[in-house]
Amino acid sequence: MAKEMFTGAQIFLKSLEAEGVDEIFGYPGGVILNIYEALYNQDKIKHYLVRHEQAAIHAAEGYARVSGRPGVALVTSGPGACNTVTGIANAYYDGYPLVVFTGQVSTEQIGNDAFQEADIVGITRSCCKHNYLVKDVKDLARIIKEAFYIATTGKPGPVVIDMPKDVLTAKAAFEYPKEVKLVGYNPTYKGHPLQISKALKLLREAQRPVIISGGGVLQAGAHQELTKLAQLLEMPVAHTLMGKGTYPESSLQSLGMLGMHGNYWANFAVVHADVIFAVGTRFNDRITGCLKRFARDSQVIHVDIDPCSISKNVKVDIPIVGDAKNVLSAMIKELSSKPFTIDHEAKEKWLKQIDEWKQKRAIPECPSDKLSAVKVIETIYEYTKAFKPIVCTEVGQHQMWCAQMFKFDEPRRFITSGGLGTMGFGFPAAMGAAVADKNALVLNIAGDGSIQMNIQELATCMDYGLKVINCVINNGYLGMVRQWQEKLFNKHYSETKISAPDFVKLAQAYGAKGIRVEKEEDIIPALKEAMESNCSVFIDFVVENFEMVYPWVLAGQPLNKVLLSNDQKVC
Amino acid sequence: MSTLHTISILVTNEAGVLSRVVDLFSGRGYNIESLTVAPTIDRNYSKITITTVATQEAIEQICKQLHRLIPVLKVSDLSVNEAIEREIVMIKIQPKDEDADKILRIAEVTGAKVIDITDKTYTLQIVDDEKQIQALIELIKPYGYKDFVRSGKVALSRS
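Residues numbered from 1 in each chain as written. Chains lettered and ligands numbered in written order. Predicted model: local features only at pLDDT ≥ 70, side-chain atom pairs only at ≥ 80, totals over all residues. Heavy atoms only, no water.

A. Focus on the interface of chain A and chain B. At the interface, 16 residues of chain A touch 16 residues of chain B. For the pair chain A and chain B, the summed buried area comes to about 1,300 Å², and 54% of that belongs to carbon and sulfur atoms. Along the contact surface separating chain A from chain B lie 2 salt bridges. We note a salt bridge from A:R125 to B:D23, for which the minimum N-O separation is 3.6 Å. Applying the counting rule to chain A against chain B returns 5 residue pairs in polar contact (both at pLDDT 80 or more). Residue classes in the side of chain A that touches chain B are distributed as 8 nonpolar, 3 polar and 5 charged. (Contact = heavy atoms within 4.5 Å. Buried area = accessible area lost by both parts, 1.4 Å probe. Salt bridge = Lys/Arg side-chain N within 4 Å of Asp/Glu carboxyl O. Polar contact = N/O pair within 3.5 Å; in protein donor to acceptor, adjacent residues only side chain to side chain. Nonpolar A, V, L, I, M, F, W, Y, C, P; charged D, E, K, R; others polar.)

So this is what it looks like as structure tokens:
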């Protein structure tokens, strides 16, 4: 009997089904009409129509961050595909799994400068984990299988599949492959036992150890193992921006975030540590400060699944290539297998020293009696924490304040663009988060600059009843750039004063709720009203223009050159 | 300290792989000195040989980055261990009548072959390592040359 034949468009849907995908974000267009036709005739996969392709990718990433499953987006060729680039780069940098499907002109037209043709495989080559141009419908199912495998294994990342129009209409038999055969791709999960033993010896003997926990711990689902190991060896834990929630911040051993705007004591602990145990971090310049001065007097153990991250920036004494969960479990197992001793006295002394550093805190200074942004964010945190919100942010001052003020005891609750630092990420990511967890309270804390980069997604939220509470910290400036201009460019606020629409009216125009807050006593009532609302909300917090984010380690300075306040005091 | 490295890369023989490899060099500001690529005996795979000037740390990073590319199976820095390296060079010379004999003698001594003769030109070919090729170039230079091409290195490790 002849096998049943399916079009490429049908194979696409069947493959997604086989991968367990039931929600995708997208935007139709000429060359992918056949897929939209196939979508029309089924009800297994729900499609969210966004208002800009960039938002589709960010939404898919928000979805992936919250659910732990790969995010899927579908766009058309040419401009649709080009609009995805920032989103793809963002996911690549922060290491979240996405499979992005782009339409392409027919194979015989490729290279002819056809209408809406773009070489998206060429364009995205350096900003995705892998990409494919499907040239034959018979390859489509295999390629989709490979793409999901590549996106979700090793260091996760985005994979792009470019599908020409004729491939979507051509027919082939459908059989979803059970296995993936990729000879050139074998991520290392298991850490080398010898390296693990060496690392343990060093950690046991350490007098002043510190753990740096990064996004890799979150990705590997290794937060419990990390917490256990930290407790066993009495090590304090600092986290990177991406590592937020990988170690309970309510724990005494938590140092909070380190780096450019990290805690004074976290930076000091890292500077004075004799052993740094870094797990799942790339040692980005925002956390190391001046590289030459970083870890000058300490031994560094570095666990990462991506060998490229090891000894790229910081020279490592004991590298361990492997998955954080796998490596940390092996370490706990080895520790538990026989009695071990650590120098409790030294550890106690070390924690006491850190406690002393903890007395040095940046004191928020609001230069006028206008509403303070810091106060607003603090209040949002205090008021909403009981509801366990998912907190998304855009990029800038508000992002750093959120990272400083919001405390999380579990991962996947704080969604922010770390590596690429993409303004406009937060709102669509929050939308994706709301899709992934339909019962969660989803906040997007935004600046008045960032929110205007993807504000159109309010329409998408309204269409699908997705509730995102946008807390716009409206200071009338691109605050973080302005802060640099204040300190480093003689207060020449070149092109950083930025206007905004009336967010309340704008929200209303979309059919959403808009609230304006100008006084401290109105913060909580506004939050309450927003939470009671049955649709997305904009709260326009009109705040002081010239507040600064502290602590602040200026770019290129060592981590212990921390500015704590406006009067240039260097500690 | 920057030195010349020869990197051998085994890849799957499919469209776009070379651009992935080359993009990685250009995107990170590394310069390619020479590049050769051809299928292996098993035509499912190709071997790319790249020479580049870089520090040891940079080379390690390049190798790791190359390895991260999905179609890349194997990456080796052949400068670490002993390797056999060869390159093919063709030089077209238009010697004065009185120099013709000298050119032929240089070819003989250096192991170069005359692979083409027209009424005005000789074309020499040499297949050798960097040192011998340089020697030939230095010897030929005083007589002038019309055209010159070199293939880029291919290399195999000895072990």
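B. Up close: empty space enclosed by the protein. Residues and elements named next belong to chain A. In total, this model carries 3 cavities of 30 Å³ or more according to the counting rule given. Empty space within the largest cavity amounts to approximately 50 Å³. As for the largest cavity, its lining consists of K244, E249, G256, M257, H261, G262, N263, A403, Q404 and K407. Elements with a minimum of two residues in the lining of the largest cavity: β11 (254-257) and α17 (397-405). Tallied by class, the residues present in the lining of the largest cavity amount to 2 nonpolar, 5 polar and 3 charged. (1 Å grid on protein atoms, 1.4 Å probe; cavity = no way out; pocket = protein on both sides within 12 Å on 5 of 7 lines; lining within 4 Å. Points joined across faces, edges and corners; volume = space filled by probe spheres on them. Helix = DSSP H or I, 4+ residues; strand = E, 2+ residues; numbered from the N terminus.)

C. View of the sheet that holds strand β5 (residues 98-104) of chain A. Residues and elements named next belong to chain A. Taken in spatial order, the 6 strands line up as β3-β2-β4-β5-β7-β6 in an open sheet, and their pairing is parallel. Of all strands in the sheet, those with a lone pairing partner are β3 (46-49) and β6 (130-133), marking the two edges. Mean inter-strand twist for the sheet, computed between neighbouring axes without regard to direction, equals 20°. Of the strand pairs in this sheet, strand β4 (residues 71-75) and β5 are connected by 5 bridges, and their pairing is parallel. (Pairing = 2+ DSSP bridges. Axes fitted to C-alpha atoms, helices over the stretch in contact; angles between N-to-C directions.)

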